[in-house]
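What follows is each chain in one-letter form.
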Number of protein chains: 6
Amino acid sequence: MPYLTQKVAFSASHFYWNPRFSDDENQRIFGACANTQGHGHNYQVEVCLQGKIDPKTGMVINFFDLEPILAQVILKPLDHQNLNTQVPYFQNKIPTLENIACYIWEHLSPPIRQAGIKLHRIKVIENPSLYVEYDGKADLPC
Amino acid sequence: MPYLTQKVAFSASHFYWNPRFSDDENQRIFGACANTQGHGHNYQVEVCLQGKIDPKTGMVINFFDLEPILAQVILKPLDHQNLNTQVPYFQNKIPTLENIACYIWEHLSPPIRQAGIKLHRIKVIENPSLYVEYDGKADLPC
Amino acid sequence: MPYLTQKVAFSASHFYWNPRFSDDENQRIFGACANTQGHGHNYQVEVCLQGKIDPKTGMVINFFDLEPILAQVILKPLDHQNLNTQVPYFQNKIPTLENIACYIWEHLSPPIRQAGIKLHRIKVIENPSLYVEYDGKADLPC
Amino acid sequence: MPYLTQKVAFSASHFYWNPRFSDDENQRIFGACANTQGHGHNYQVEVCLQGKIDPKTGMVINFFDLEPILAQVILKPLDHQNLNTQVPYFQNKIPTLENIACYIWEHLSPPIRQAGIKLHRIKVIENPSLYVEYDGKADLPC
Amino acid sequence: MPYLTQKVAFSASHFYWNPRFSDDENQRIFGACANTQGHGHNYQVEVCLQGKIDPKTGMVINFFDLEPILAQVILKPLDHQNLNTQVPYFQNKIPTLENIACYIWEHLSPPIRQAGIKLHRIKVIENPSLYVEYDGKADLPC
Amino acid sequence: MPYLTQKVAFSASHFYWNPRFSDDENQRIFGACANTQGHGHNYQVEVCLQGKIDPKTGMVINFFDLEPILAQVILKPLDHQNLNTQVPYFQNKIPTLENIACYIWEHLSPPIRQAGIKLHRIKVIENPSLYVEYDGKADLPC
């Protein structure tokens, strides 16, 4: 069964701060990311789906069916948002790339499963030098 | 054993139309892609091969040996062609990205095997936001 | 005055054929592009506008005002079309990258001028190795 | 005289809000960018310099001399910052791409001139579809 | 457990020459790469790590801990070097992309393991059309 | 008149060393580039031509006519070469990006002029962060 990957992009701001660390520890561990006024990124998400090709359409999934799921699960809650202050999931979790991948995996798996196919892997890109992949093969400490 | 990936590119036109669907269904399911005059893409193909490194050359496969296979199997039949009208494989199969990946996998596996190495995976990219991968691990409904 | 550039992308098919040339001449001059069944590309267009920054918005032009112009002038007539058979402009003109740039410049200048700013330059990209730019500084033989 | 271009990248958050507009006007004009909690981007800056080639080094400017200027003028004040709340220049100016280009041009011209060469043009890229260029040829309403 | 990938880049020169081959064989097998004066590339390395997310930092590994490892193992010995004449590993081994991947895997695995996480895969890119991946799942003839 | 740009790529090695400088000066001024064993890059060259559109072909220049010029002037003398030791032009000139642009401009202008069009500008890219442009508008100290 082939793997179909669709990319979407969103812009968001975030910062790294653990209230259990002292100010100095936050600075030492998170560096410039500890600025609580926030900075931001153009995030890209690659959603990799696995499924049978429907012989009537030649497709694993029709983009017209996939697009509203991606809009609802990724773009609506994350695009043009401050991840720390506006996404409840990150109230007690630092919005690192790793945890953003958790967020997307957890919220995307159910509607993709409901659409009859399998979410195989996601890739979240923060900048041209850094990305995280997750394929659900082990429990995440989310 | 390492994986060596070589990319090639081709330009082709295609359209999506299932003669068993009504005109309205074709429009609804395939949208702008249902225009039977065709549109097109710059396709990129990443061919991922797995094999031992030949200690005499330091290579999994010499590009001079790989290039004529890619030219014969991918470029000659697909480049600057109308996939619907000029590639017999797509006479009864919609030339979606998924089915193009089928075509390439089926035609590329035998000559790569004959060259003594293994076709591990192919990736076919239609535009910067969409690609399909296939690794032959399950039967494709081709 | 700064230059603001917005990119848009469209997919289209085309072929090169001059009915005044013999078949052999068409083959010799246009090579694989002479296949009248058509091939295609993911075209990208960079629209470069020059204007004053509106101090109330900090913008040369609001994207909400620019987007419908680009949709009307570029996407609607060209996206998912066969340029040779479905765009009247190319009935007697070969849809080369140069002539596509002509088409876009001629159709985009009036609505941009009406929006109160200046179309400074367009760039049309056919593939990663080839692009045409035009800035309207000399008459095009369109 | 040739043009040498060096790129640098920074991450920052921003939002668009004009206090003289009503809330509704801010929403209508700036859309998702009006979220005052901020969102962010990976900005790229291309600094284009014009100068004679020093025959002793073969260079317009030595990167070892250019790098501290770019670090001081672009990275230190803008990287990992909230442009609205942490960069005084944007206290009364909306941090659009156009105004960020103003900021960089105004602050970069003097030290580049002092280094004996000419700042020819800057390009600031907000995302793969949007960039602003400025060459100082007209007064900016900064 | 998620996969975190960090990219680094280096520039190096190399050439392909097997002293056990005749001059003619070297030319025939390696083509332009047999020029013993060397040519070069901008290599990119993608280092893919697998590990648990530390709930205190939200990270698989802190970049401040990873960066010195990559600098020590990849950049210091390879960047701005002639791989054939200046890297002892390649004294009796042709510095092909496959063997460069061997070098990096062998030298990177121990310090990454010492840092408490797992080196999952590396990808070494020689140019936009060619890359090698290695995941240590079989013995390399290094 | 429109501008048509064609890209070509070549791989070469080089180093920076001025024999009139002391060893210490070479190290201080050129840093890692002073390693006389050489390092290398994947260079990209964008050749921008200006000319009338031939109404019979719709083209500024036919690629079949341009390609042999680029192969003869750029690829044959520079690709897979050590610029310092194998290109006579750089015997007394440091092969910086600025001087490589000189080389290409000087050698490319005559054959392009003979082909009846104008070489408008060249751009030579050394890595994703650095490029030089030259348009022949002032004498180069070549």
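Each value, and the rule that gives it
- Once a new chain begins, its residue numbering starts again from 1 and follows that chain's sequence as written.
- For naming, the first written chain is A and the first written ligand is 1, with later ones following in the order written.
- Totals for whole chains, interfaces and linings use every residue, but because this is a predicted model, local features are given only for residues with pLDDT of at least 70 and side-chain atom pairs only at 80 or more, for both listing and counting.
- Hydrogens and water molecules were not included; the side-chain quantities draw on all heavy atoms of the structure.
- Counting from the N terminus, the helices are the DSSP runs of H or I reaching at least four residues and the strands are the DSSP runs of E reaching at least two.
- Only protein chains enter the accessibility calculation, which uses a 1.4 Å probe; a residue is then buried when its area is under 20% of its type maximum, exposed when over 50%, and partly exposed in between.
- For the area figures, the Shrake-Rupley method with a 1.4 Å probe applies, and any residue is considered shielded solely by the protein chains shown.
- Within 6.5 Å between ring centres, the rings of Phe, Tyr and Trp (the latter by its six-membered ring) count as paired, and their orientation is classed by plane angle as stacked under 30 degrees, edge-to-face over 60, tilted in between.
- Any two residues whose heavy atoms approach within 4.5 Å at even a single point are treated as in contact.
- Superposition of the copies was done by least squares, using only C-alpha atoms of residues whose pLDDT is at least 70 in both.
- Two parts placed together each lose some accessible area; with a 1.4 Å probe, that loss summed over both constitutes the buried area.
- The term salt bridge refers to a side-chain nitrogen of Lys or Arg lying within 4 Å of a carboxyl oxygen of Asp or Glu.
- We call Asp, Glu, Lys and Arg charged. Ala, Val, Leu, Ile, Met, Phe, Trp, Tyr, Cys and Pro are nonpolar, and the rest, Gly among them, are polar.
- If DSSP finds at least two bridges between two strands, the strands pair.
- Under the rule applied, a polar contact is a pair of N or O atoms within 3.5 Å (in protein, one hydrogen donor and one hydrogen acceptor; residues adjacent in sequence only if both atoms are side-chain atoms).
- Cysteine sulfur pairs qualify as disulfides if the two atoms are within 2.5 Å.
- Each residue carries a pLDDT score, the predictor's own confidence in it, on a scale running from 0 to 100.
- Helix axes are fitted to C-alpha atoms over the stretch in contact, other axes to C-alpha atoms as well, and angles between N-to-C directions run from 0 to 180 degrees.
- Convention used here: angles under 35 degrees read as roughly parallel, angles over 145 as roughly antiparallel, angles from 65 to 115 as roughly perpendicular, and any remaining angle as oblique.
- Take the far helix as the reference: if the near one is turned anticlockwise from it by less than a right angle, the crossing is left-handed, and if turned clockwise, right-handed.
- His is not counted, nor are the chain ends; Lys and Arg add positive charge and Asp and Glu add negative charge.

Engineer: Could you give me a rundown of the overall build of chain A, with the residues and numbers involved?
Structural biologist: Within chain A, the secondary structure is distributed over 4 helices and 5 strands. Listing the helices and strands of chain A from first to last along the sequence gives β-α-β-α-β-α-α-β-β. The principal-axis extent of the C-alpha atoms belonging to chain A is close to 60 × 30 × 30 Å. Across the 142 residues of chain A, 61% fall into the buried class. Element-wise, carbon and sulfur atoms account for 49% of the exposed surface of chain A, whose accessible area totals about 6100 Å².

Engineer: Describe the packing of aromatic side chains, with residues and values.
Structural biologist: Residue and element names in this part refer to chain C. Using the criterion set out here, one finds 42 aromatic pairs over all chains in the structure. Considering the side-chain rings of tyrosine 16 and phenylalanine 30, the 5.7 Å spacing of their centres and the 75° angle between planes classify their relative orientation as edge-to-face. Of this pair, tyrosine 16 sits in the loop between strand E1 (3-14) and helix H1 (23-30) while phenylalanine 30 sits in helix H1, placing them 14 residues apart in sequence. A relative accessible area of 6% means that tyrosine 16 is categorised as buried.

Engineer: Before we move on, could you go through the environment of valine 124 of chain C and cite the residues and values that matter?
Structural biologist: Residues and elements named next belong to chain C. Its place among the elements puts valine 124 in strand E4 (residues 118-127). Separated by 45 residues in the primary sequence, valine 124 and aspartate 79 place their C-alpha atoms 14 Å from one another. In this view, valine 124 contacts Tyr43, Gln44, Val45, Leu97, Ile100, Ala101, Ile104, Leu130, Tyr131 and Val132; residues no more than four positions away in its chain are not counted.

Engineer: Help me get a handle on the relation of the copies chain A and chain D, residues and values and all.
Structural biologist: At an RMSD of 0.0 Å, chain A and chain D line up after a rotation of 180° and a shift of 0.0 Å along the axis. Accordingly, the operation relating the two chain copies is best matched by a two-fold axis. A share of 100% of interface residues in chain A that are also interface residues in chain D marks the association as one of identical surfaces.

Engineer: Could you give an account of the interface of chain A and chain D, naming the residues involved and the relevant values?
Structural biologist: Taken together, the contacts link 19 residues of chain A with 19 residues of chain D. Both sides together, the interface formed by chain A and chain D hides about 1500 Å², and carbon and sulfur atoms give 45% of it. Summed over the three residues of chain A that lose the most area to chain D, namely Gln37, Asn42 and His80 of chain A, the buried surface amounts to 39% of that side. Where chain A touches chain D, the interface holds 0 salt bridges. Of all elements in the fold, only strand E1 (3-14), strand E2 (39-50), strand E3 (81-82), helix H3 (83-86) and strand E4 (118-127) of chain A reach the threshold of two or more residues within the side of chain A that touches chain D. Broken down by class, the residue content of the side of chain A that touches chain D amounts to 3 nonpolar, 15 polar and 1 charged.

Engineer: Give a description of the relation of the copies chain B and chain C that names residues and reports values.
Structural biologist: Here chain B sits on chain C after a turn of 180° about the axis and a move of 0.0 Å along it, with an RMSD of 0.0 Å. Take the interface residues of chain B: 100% of them recur as interface residues in chain C, which is what a same-surface contact looks like.

Engineer: So what's going on with the pairing of E4 of chain A? Residues and values would help.
Structural biologist: All names here are of chain A. For E4, the tally of buried residues reaches 7 of 10 residues, placing the bulk of the element in the interior. In this sheet, E4 lies alongside E2 in antiparallel orientation, the contact comprising 7 bridges. Pairing of cysteine 48 across the sheet is with arginine 121, part of E4. Turn length for the E4-strand E5 (residues 130-134) hairpin, with the two strands adjacent in sequence and antiparallel, is 2 residues.

Engineer: Break down the interface of chain B and chain C for me, citing the residues and quoting the values.
Structural biologist: On the side of chain C, 19 residues touch chain B, which itself brings 19 residues to the contact. Buried area between chain B and chain C, summed over both chains or domains, comes out near 1400 Å², and the portion from carbon and sulfur atoms is 45%. When the buried surface of chain B facing chain C is broken down by residue, Gln37, Asn42 and His80 of chain B rank first, second and third, together holding 39% of it. At the junction of chain B with chain C, the criterion picks out 0 salt bridges. Of all the elements in the fold, those that place two or more residues in the side of chain B that touches chain C are strand E1 (3-14), strand E2 (39-50), strand E3 (81-82), helix H3 (83-86) and strand E4 (118-127) of chain B. Examining the composition of the side of chain B that touches chain C, we find that 4 residues originate from one element, E2 of chain B, more than from any other.

Engineer: Could you give me a rundown of the side chain of histidine 14 of chain E, with the residues and numbers involved?
Structural biologist: All names here are of chain E. Position of histidine 14 relative to the elements: it lies in strand E1 (residues 3-14). At a separation of 3.3 Å, a polar atom in the side chain of histidine 14 contacts the side chain of tyrosine 43. Dropping the residues within four chain positions of it, histidine 14 is found in contact with Gly38, His39, His41, Tyr43, Leu83, Asn84, Pro95 and Glu126.

Engineer: Could you give an account of the state of the cysteines, with specific residues and numbers?
Structural biologist: Applying the stated criterion across every chain, the model contains 0 disulfides over all chains. Unpaired in this structure, cysteine 48 of chain F has its nearest cysteine sulfur neighbour in cysteine 48 of chain C, at a distance of 14 Å. Judged by its relative accessible area of 2%, cysteine 48 of chain F is buried.

Engineer: Describe the confidence of the model for chain A, naming the residues involved and giving the relevant values.
Structural biologist: Confidence along chain A averages 95 in pLDDT terms, with 96% of residues attaining 70 or more. With pTM at 0.96, the complex prediction returns an ipTM value of 0.94.

Engineer: Tell me what's going on with the packing of helix H2 (residues 63-78) of chain D against helix H4 (residues 97-114) of chain D, and back it up with residues and numbers.
Structural biologist: Residues and elements named next belong to chain D. At their nearest, the axes of H2 and H4 sit 10 Å apart, and the two run at 155° to each other. Between H2 and H4, the angle falls in the class roughly antiparallel. Viewed along their axes, H2 and H4 form a crossing whose handedness is right-handed. Residues Leu66, Ile69, Leu70, Val73, Ile74, Pro77 and Leu78 of H2 lie in contact with H4, whose contacting residues are Tyr103, Ile104, His107, Leu108, Pro111 and Ile112. For the contact of H2 with H4, the class distribution of residues is 12 nonpolar, 1 polar and no charged.

Engineer: Mind laying out the side chain of glutamate 98 of chain A, listing which residues take part and the relevant values?
Structural biologist: In this fold, glutamate 98 of chain A is placed in helix H4 (residues 97-114). No salt bridge is formed by the buried glutamate 98 of chain A. Its closest oppositely charged neighbour is lysine 93 of chain A, at 13 Å. At 2.9 Å, the side chain of glutamate 98 of chain A and the backbone nitrogen of valine 60 of chain E are in polar contact. Aside from chain neighbours lying at most four places away, what touches glutamate 98 of chain A is Val132 of chain A together with Leu4, Ile53, Gly58, Met59, Val60 and Ile61 of chain E.

Engineer: Any chance you could break down unusual backbone geometry for me, citing the residues and the numbers?
Structural biologist: Residue and element names in this part refer to chain B. Of note, the phi angle at histidine 80 is positive, near 60°, even though the residue is not glycine. As for its position among the elements, histidine 80 is in the loop between helix H2 (63-78) and E3. Assessed through its relative accessible area of 15%, histidine 80 is described here as buried.

Engineer: I'd like a rundown of the pattern of salt bridges, residues and numbers included.
Structural biologist: Throughout the structure, instances matching the rule amount to 26 salt bridges over all chains. Note that lysine 7 of chain B and glutamate 46 of chain B form a salt bridge whose closest N and O atoms lie 3.5 Å from each other. On the criterion of sequence distance, the pair formed by lysine 7 of chain B in strand E1 and glutamate 46 of chain B in strand E2 is long-range, its members being 39 residues apart. Residue class for lysine 7 of chain B comes out partly exposed when judged on its relative accessible area of 23%. Arginine 121 of chain B is paired through a salt bridge with glutamate 133 of chain E; the nearest N and O atoms lie 3.6 Å apart. Taken together, the positions of arginine 121 of chain B in strand E4 and glutamate 133 of chain E in strand E5 (residues 130-134) put the pair across two chains. With a relative accessible area of 23%, arginine 121 of chain B lands in the partly exposed category. Here glutamate 133 of chain E falls in the buried class, since its relative accessible area comes to 8%. The structure contains a network of salt bridges with shared partners spanning Arg121 and Glu133 of chain A, Glu133 of chain B together with Arg121 of chain E.

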